[in-house]
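Read off the chains here:
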Amino acid sequence: MDASPGYNLVYGANASGKTSLLEAIAYLGRGKSFRGAPATSLIRHGSTAFTLFGIVQREGRDSRLGVRNSREGIEVRVDGDPAGGVASLAEALPLQLIDPEIHDLVAGGPEHRRRYLDWMAFHVEHDFLLSWRRFRRALLQRNAALKAGEGLSVWTTELVKLGTRLDAMRRSVLEKAGESLARYSSDVLGTAVRFEYRSGWPAGRTLEAAMAESGERDRQLGSSQVGPHRADLSLHVDERHARRLVSRGQQKLLACAMILAATDVAQRALGRPLLLLLDDPAAELDAGSLDRLLQAVFGLGSQVIATALERRVLAFPAEPTVFHVERGRLRVV
């Protein structure tokens, strides 16, 4: 697929291969399936691995991305270099995705919203990835120490230091995203939305104090009960809690607005357009809602690859490059 840097439409019947194409593209930028599919289910029957290859063009330079996944694990190369791992894919091909399950960002568990915050922080805060990795290691070590009953104080000190740093980065990026979140939520949903960050420990307490107070409970349960791994982003629509009181269609629109805001924040931080994948954006939306969503999407200036059942379902502001997919075969129209 030789995609245009502007707008691209892939259309075809259900089960023709549209979503599989987007999944392959997203895999090159994420190193995993956006549908949560394990690598073993993506390998063709009778094969032992799958390999993806793509070229990203930026500022007159080509970057070659390769991913091979098998039962032995994933192998990643960017311009032939395997050292960067999956993070190097995200740096080379930063992308966001709107798919039919996007409402999980609003209605699902807090892990969805933590990943959302961390995606922005990865692209905006220079030291975020290193801090996140060190925090995850410290968390695993402290949980092991809780079960073993020894070595706890060292890892508690480390967890407090790294957790406080991680929390500060999340707060910083959320503050930078505040205006975009408000604007896109209003444009797409047509109503006011309030975002409230919850750090993962009681408000008004330091992480050190919260962990000291949670020490006995941590020992009983064998895991750390407070910290940024328990954080969440609480969403309120017209002062109603979004997870409980808005319809599935409204949840989708709110989640889409959040994705567009994150894309806007990352594009401004990186100084370049991102790739935005839209998997059947018309699903579950009436004509007015779809029009508002598309206007917001096209206003971002991102490269867009969208799928639809029919060629004329989506109203692009300029003629897109059009592809038709049938039985897994893609052709330019």
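Before any of the text, the structure's been laid out above.
So, a few notes on the structure that sits alongside this text. Worth saying up front: this structure is predicted, and the values here are computed from it rather than measured.

For the protein chain, the helix and strand inventory stands at 12 helices and 12 strands. For 333 residues, the compact-globule estimate of 2.2 N^0.38 gives 20 Å, and the C-alpha radius of gyration of the protein chain, at 21 Å, lies within 12% of that figure. With the C-alpha coordinates of the protein chain rotated into their principal frame, the extents come out at 65 × 50 × 35 Å. Counting over 333 residues, the protein chain shows a buried share of 51%. Within the protein chain, contacts between residues at least 6 apart in sequence are counted, and of these 69% link residues at least 24 apart. Here the protein chain carries 45 positive and 39 negative side-chain charges, and the mean point of each set is 3 Å from the other.

Quick look at the side chain of Glu-125 now. With respect to the helices, strands and loops of the structure, Glu-125 is situated in the loop between α5 (110-124) and α6 (128-148). Owing to a relative accessible area of 15%, Glu-125 belongs among the buried residues under this scheme. Polar side-chain contacts of Glu-125 include one of 3.0 Å to the side chain of Ser-172. Sequence-distant contacts of Glu-125, that is, excluding residues within four places in its chain, are made with Met-169, Ser-172, Val-173 and Lys-176.

Further remarks concern the sheet that holds strand β6 (residues 193-198). Taking strand neighbours across the sheet as the criterion, the 3 strands line up as β6-β7-β8 in an open arrangement whose pairing is antiparallel. The open sheet has two edge strands, β6 and β8 (240-241), and neither has a second partner. Sheet topology places strand β7 (residues 232-237) next to β8; 2 bridges connect them, and they run antiparallel. Among the inter-strand pairings, His-236 is bridged to a residue of β8, identified as His-241. Each of β6 and β7 is contacted by helix α7 (residues 152-189), which is oriented at about 165° to β6, the strand it contacts most. Each of β6 and β7 is contacted by helix α11 (residues 248-270), which is oriented at about 125° to β7, the strand it contacts most.

Tallied over the entire structure, the rule returns 13 salt bridges. Of the charged contacts, one joins Arg-183 and Asp-264 as a salt bridge, the two residues approaching to 3.2 Å between their closest N and O atoms. Here Asp-264 lies in helix α11 and Arg-183 lies in helix α7, a separation of 81 residues in the sequence. The class for Arg-183 is partly exposed, based on a relative accessible area of 34%.

Criteria and thresholds
Residues numbered from 1 in each chain as written. Predicted model: local features only at pLDDT ≥ 70, side-chain atom pairs only at ≥ 80, totals over all residues. Heavy atoms only, no water. Helix = DSSP H or I, 4+ residues; strand = E, 2+ residues; numbered from the N terminus. Rg over C-alpha atoms; globule rule 2.2 N^0.38 Å. Buried < 20%, exposed > 50% of the residue type's maximum accessible area, 1.4 Å probe, protein only. Contact = heavy atoms within 4.5 Å. Lys, Arg positive; Asp, Glu negative; His and termini not counted. Charge placed at Lys NZ, Arg CZ, Asp CG, Glu CD. Polar contact = N/O pair within 3.5 Å; in protein donor to acceptor, adjacent residues only side chain to side chain. Pairing = 2+ DSSP bridges. Axes fitted to C-alpha atoms, helices over the stretch in contact; angles between N-to-C directions. Salt bridge = Lys/Arg side-chain N within 4 Å of Asp/Glu carboxyl O.

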